[in-house]
Amino acid sequence: MTDIFEFDQRTHSYGVMGNPVAHSRSPQIHQLFAEQFGIRLEYMRIQVDAGGFGQAVSNFEARGGCGLNITVPFKSEAWQLADECTDRAELAQAVNTLTLNRDGRRLGDNTDGIGLVRDITANLACPVRAKRVLLVGAGGAAQGVLGPVLDEAPELLWVANRTVDRAESLAKRHAAHGAVTGCGFDTLTGNRFDIVINATSASLSGSVPPLPGSLFADDALAYDLMYADTATPFVEWAQAHGAAQVADGLGMLVEQAAESFHIWHAHSPDTTAVMAALRSGMA
Ligand SMILES: NC(=O)c1ccc[n+]([C@@H]2O[C@H](COP(=O)([O-])OP(=O)(O)OC[C@H]3O[C@@H](n4cnc5c(N)ncnc54)[C@H](OP(=O)(O)O)[C@@H]3O)[C@@H](O)[C@H]2O)c1
């Protein structure tokens, strides 16, 4: 672990652990939420080296830490470390929210999926019910969102991934939750979808997964989990290939944080104001 952190014992301490973590906007988001309710807290970024996650959590606990958000690449380790998990975190086999109880028990949850679903259905006013949905990617983020998206009862949901085995096994694990199929990119040719969610990390390297250009049905939504101050490569590609509506993942980021905040503080923050503040800060 590379960060050294000290605690003000009078405030409740939270943090985000990951590697890298310097870019994380979670401290700003949680402080803006806390201000809405007059809650005093500190929220820190904690960079953790490979192999050091369990020790880092123990150190945080020993210093009185109350809760952690977990980001790449530790969501799976966090799931293994939790003493108890919610059903959605169990299904995802990934934890992005750890609540550290005073009795030493660690409770794991995954708020990524509910964050994505709220952004799509409430903020973007796009119901998932009875839609044809394509989820591109089968990594940690896809694992977290698949169950909650299926809970919205789409007509069908295909998971397409570069490494086909990962898509197939993810789909198999979720088979009891809806009409879900795992496949490779080649299988997509000739099929059209109402909602296409990019949960790959391709945008991080400035690329787009090799998807057929005829993917979008009329009025389709293209959603990139990655967010940026300018259009992401996937958003640009989707616009050029006929998506009627596009969005990046900033709304999901804020909504998943709001759900974590609710778990820890039993308050539901106003996310619209926080999204606007982040967008204006990014511009
Ligand atoms: N907005 C939010 O709140 C939020 C939350 C979580 C994650 N995210 C974003 O979601 C994205 C994925 O994160 P993750 O945690 O799932 O990463 P991950 O576990 O490393 O998984 C990466 C996924 O991307 C695929 N991939 C990578 N490069 C590709 C390429 N060039 N072409 C096609 N597929 C490619 C991988 O395919 P293989 O299996 O074949 O390697 C895998 O499915 C990141 O951009 C992250 O920032 C956003």
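Our subject is the structure listed above.
What follows deals with the site of the ligand. With respect to spatial proximity, 23 residues lie near the ligand, and among them Gly140, Ala141, Asn161, Thr163 and Arg166 are the closest. In the complex, the protein chains occlude 80% of the 930 Å² of accessible area that the ligand would expose alone.

Tracing the chain through its elements places Gly242 in the loop between helix H8 (233-240) and strand S12 (245-247). Judged by relative accessible area, Gly242 falls into the partly exposed class, the value being 48%.

A word on the sheet that holds strand S9 (residues 180-183). The sheet built from 6 strands is open, its strands ordered S9-S8-S7-S10-S11-S12 with parallel pairing. Two strands lie at the open edges of the sheet, namely S9 and S12, each paired on one side alone. Taking the axes of each pair of neighbouring strands and ignoring which way they run, one obtains an average angle of 15° across the sheet. As judged from the 4 bridges shared by strand S7 (residues 132-136) and strand S10 (residues 193-198), these two strands associate in the parallel manner.

The next thing to look at is the sheet that holds strand S6 (residues 106-109). If you walk across this open sheet you meet the 6 strands as S2-S1-S3-S5-S6-S4, and the pairing is mixed. Of all strands in the sheet, those with a lone pairing partner are strand S2 (41-47) and strand S4 (84-85), marking the two edges. Pairing geometry for strand S1 (residues 12-18) and S2, over 7 bridges, is parallel. Note that in S2 the partner of His12 across the bridge is Leu41. On the sheet, helix H2 (residues 53-62) packs against S1, S2, strand S3 (67-70), strand S5 (97-100) and S6 and is oriented at approximately 170° with respect to S1. Strands in contact with helix H9 (residues 250-265) are S1, S2, S3, S5 and S6; relative to S5, the strand with the most contacts, it is inclined by about 15°.

The next thing to look at is helix H6 (residues 140-151). For H6, the buried fraction is high: 9 of the 12 residues fall into the buried class. Within H6, burial applies to Ala142, Gln143, Gly144, Val145, Leu146, Gly147, Pro148, Val149 and Leu150. Where H6 ends, the next residue or the one after it, Ala153, has phi of about 60°, a positive value.

Positionally, Cys85 belongs in strand S4. On the basis of relative accessibility, which here comes to 17%, the residue Cys85 falls in the buried class. Distance from Cys85 to Asn69, taken between C-alpha atoms, is 14 Å for residues 16 residues apart in sequence. Each residue touching Cys85, except ones within four places of it in the same chain, is listed here: Trp79, Glu90, Val95 and Gly108.

Conventions adopted
Residues numbered from 1 in each chain as written. Predicted model: local features only at pLDDT ≥ 70, side-chain atom pairs only at ≥ 80, totals over all residues. Heavy atoms only, no water. Near = heavy atom within 4 Å. Areas by Shrake-Rupley, 256 points an atom, 1.4 Å probe, with all protein chains shown as cover. Helix = DSSP H or I, 4+ residues; strand = E, 2+ residues; numbered from the N terminus. Buried < 20%, exposed > 50% of the residue type's maximum accessible area, 1.4 Å probe, protein only. Pairing = 2+ DSSP bridges. Axes fitted to C-alpha atoms, helices over the stretch in contact; angles between N-to-C directions. Contact = heavy atoms within 4.5 Å.

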